[in-house]
Amino acid sequence: MAAIVNRVTNLVPKLALPVARYGQSKLNRFWYFARVELRPPMPNEFSQVQEGIQQIVRSATTGAWRKLTVKQFALNSLVGLEVMFWFYIGECIGRGSIIGYRPGRSEGIPAPYKYFM
Amino acid sequence: MATAVPKSVSPLIRAGRWSLLLVGVVYGSIHNNTLKKREQRVRQKEIDRVTHHAIDEIAEKKIKADQSMIDLAYAAGVDPNQARIKQQGQEKKSH
């Protein structure tokens, strides 16, 4: 046990820099895509949002959604599902736990575990 | 995939994502607060119930002990009331 602890404490400062550089490169790659794809809509794009909503409502009322190809319909439903999933991730953040509501159980368990138990 | 270029996503989808994220955070915290309050009330009721149960148990034990002392006195041929009066008289004399 003491040998394992010693080995770990000797390895950690040597590994810290490569791990940090690896994380940095991954974060850079993520940011390169995210600053275009995940950006929240700016005020000059609100009119497009409005048009998009109107287009959806129009296609639902006139029945034009029945004229889509199956592939387009499947893609649209996948995108819709992904947008719904963000709501559930927000709910996880708001309630402070990954798996379920935990109203009475946060006492007694230290920090990273109480969100998973 | 190093030649991948970020694709511009329609603003409607982006607006939907971020607004649903905020709505989810708000809803999660509100619902969590509601459940916490409900859990507090249930917990208080349970604590009261357990306390009353413990008090009842102690009272029952005391009653049984007193009853067994009285039965012992009768079995030994002593009248428990007279014995009690005599004991109180002795305590008053010693004070």
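Residues numbered from 1 in each chain as written. Chains lettered and ligands numbered in written order. Predicted model: local features only at pLDDT ≥ 70, side-chain atom pairs only at ≥ 80, totals over all residues. Heavy atoms only, no water.

## Observations regarding the layout of surface pockets
We apply this condition: Put plainly, a pocket is an open set of points on a 1 Å grid over the protein atoms alone with protein on both sides within 12 Å along at least five of seven lines, a cavity is a set where a 1.4 Å probe fits but cannot get out, and a lining residue has an atom within 4 Å of a point. Grid points are joined across faces, edges and corners, and a volume is the space filled by probe spheres set on the points. Elements are defined by DSSP. Helices are runs of H or I of four residues or more, strands are runs of E of two residues or more, and each kind is numbered from the N terminus. Each residue receives one of three labels: charged for Asp, Glu, Lys and Arg, nonpolar for Ala, Val, Leu, Ile, Met, Phe, Trp, Tyr, Cys and Pro, and polar for the others, Gly being one of them.
Approximately 840 Å³ is the volume attributed to the largest pocket. Lining the largest pocket we find 22 residues, and of these A:Q55, A:I56, A:N76, B:L12 and B:I13 sit closest to its centre. Elements with a contribution of two residues or more to the lining of the largest pocket: α2 (46-62) and α3 (70-95) of chain A together with α1 (11-75) of chain B. The element best represented in the lining of the largest pocket is α3(A), accounting for 9 residues. By residue class, the composition of the lining of the largest pocket is 12 nonpolar, 9 polar and 1 charged.

## Observations concerning the confidence of the model for chain A
In plain terms, the rule: Every residue gets a pLDDT, meaning the predictor's confidence in that residue, from 0 to 100.
Counting all residues, the mean pLDDT for chain A is 89, and 91% of those residues have values of 70 or more. Here helix α4 (residues 111-114) of chain A stands out as the element of chain A with the lowest mean pLDDT, 70, in contrast to α3(A), whose mean of 95 is the highest.

## Here we look at the side chain of A:R95
To keep it simple, the criterion reads: Between buried and exposed lies partly exposed: a residue is buried under 20% and exposed over 50% of the maximum accessible area for its type, with that area taken using a 1.4 Å probe on protein chains only. Two residues form a contact once any of their heavy atoms are found within 4.5 Å.
Mapped onto the elements of the fold, A:R95 is located in helix α3. Exposure remark for A:R95: the relative accessible area of 13% places this residue in the buried category. Contact partners of A:R95, with chain neighbours within four places excluded, come to A:G100, A:Y101, B:G28, B:S29 and B:N32.

## Regarding the interface of chain A and chain B
For clarity, the cut-off: Two parts placed together each lose some accessible area under a 1.4 Å probe, and adding up what both lose gives the buried area. Each reported salt bridge corresponds to a side-chain nitrogen of Lys or Arg within 4 Å of a carboxyl oxygen of Asp or Glu. Two N or O atoms form a polar contact when they lie within 3.5 Å of each other; inside protein one atom must be a possible hydrogen donor and the other a possible acceptor, and for residues adjacent in sequence the pair counts only when both atoms belong to side chains.
Across the contact, 32 residues belong to chain A and 30 residues belong to chain B. Summing the contributions of chain A and of chain B, the shared interface buries around 2700 Å²; its carbon and sulfur component is 70%. Counting across the chain A and chain B interface gives 2 salt bridges. Of the charged contacts, one joins B:R17 and A:E82 as a salt bridge, the two residues approaching to 2.7 Å between their closest N and O atoms. If you look at where chain A meets chain B, you find 8 residue pairs in polar contact (both at pLDDT 80 or more).

## Some words on the packing of α3(A) against α1(B)
Formally: For helices, the fitted line uses only the C-alpha atoms of the stretch in contact; every axis is such a line through C-alpha atoms, and the angle between N-to-C directions lies from 0 to 180 degrees. Roughly parallel means an angle under 35 degrees; roughly antiparallel, over 145; roughly perpendicular, 65 to 115; everything else is oblique. Take the far helix as your reference; a near helix turned counterclockwise from it by less than a right angle gives a left-handed crossing, and one turned clockwise gives a right-handed crossing.
Between α3(A) and α1(B), whose axes approach to 6 Å, the crossing angle comes to 30 degrees. In terms of their interaxial angle, α3(A) and α1(B) are classed as roughly parallel. The two elements α3(A) and α1(B) meet at a crossing, and its hand is right-handed. Here the residues of the contact of α3(A) with α1(B) sort into 14 nonpolar, 7 polar and 4 charged.

## Some words on the UniProt feature "transmembrane region" (unreviewed entry) in chain B
Threshold: UniProt positions are given in the numbering used here, feature names are shortened, and annotations may be inferred rather than shown by experiment.
Per the UniProt record, "transmembrane region" (unreviewed entry) is annotated on residues 15-35 of chain B. Counted over residues 15-35 of chain B, helix gives 100% and strand 0%. Its end C-alpha atoms are 30 Å apart.

## Notes on the packing of aromatic side chains
Filter applied, for reference: Centre distance within 6.5 Å is the pairing criterion for rings of Phe, Tyr and Trp, where only the six-membered ring of Trp is used; planes under 30 degrees apart are then read as stacked, over 60 as edge-to-face, and the remainder as tilted. Sitting over a ring, as applied to charges here, requires NZ of Lys or CZ of Arg to be within 6 Å of the ring centre and within 35 degrees of the ring normal.
Summed over the entire model, instances satisfying the criterion amount to 4 aromatic pairs over all chains. A centroid spacing of 5.2 Å and a plane angle of 65 degrees characterise the contact between A:Y32 and A:F33, whose relative ring orientation is edge-to-face. Among the aromatic side chains, those forming a connected cluster through ring pairs are A:F87, A:Y88 and B:Y27. Over the face of the ring belonging to A:W65 we find A:R66, whose NZ or CZ atom lies 6.0 Å from the ring centre. Lying over the aromatic face of A:Y101, A:R95 brings its terminal NZ or CZ to 5.0 Å of the ring centre.

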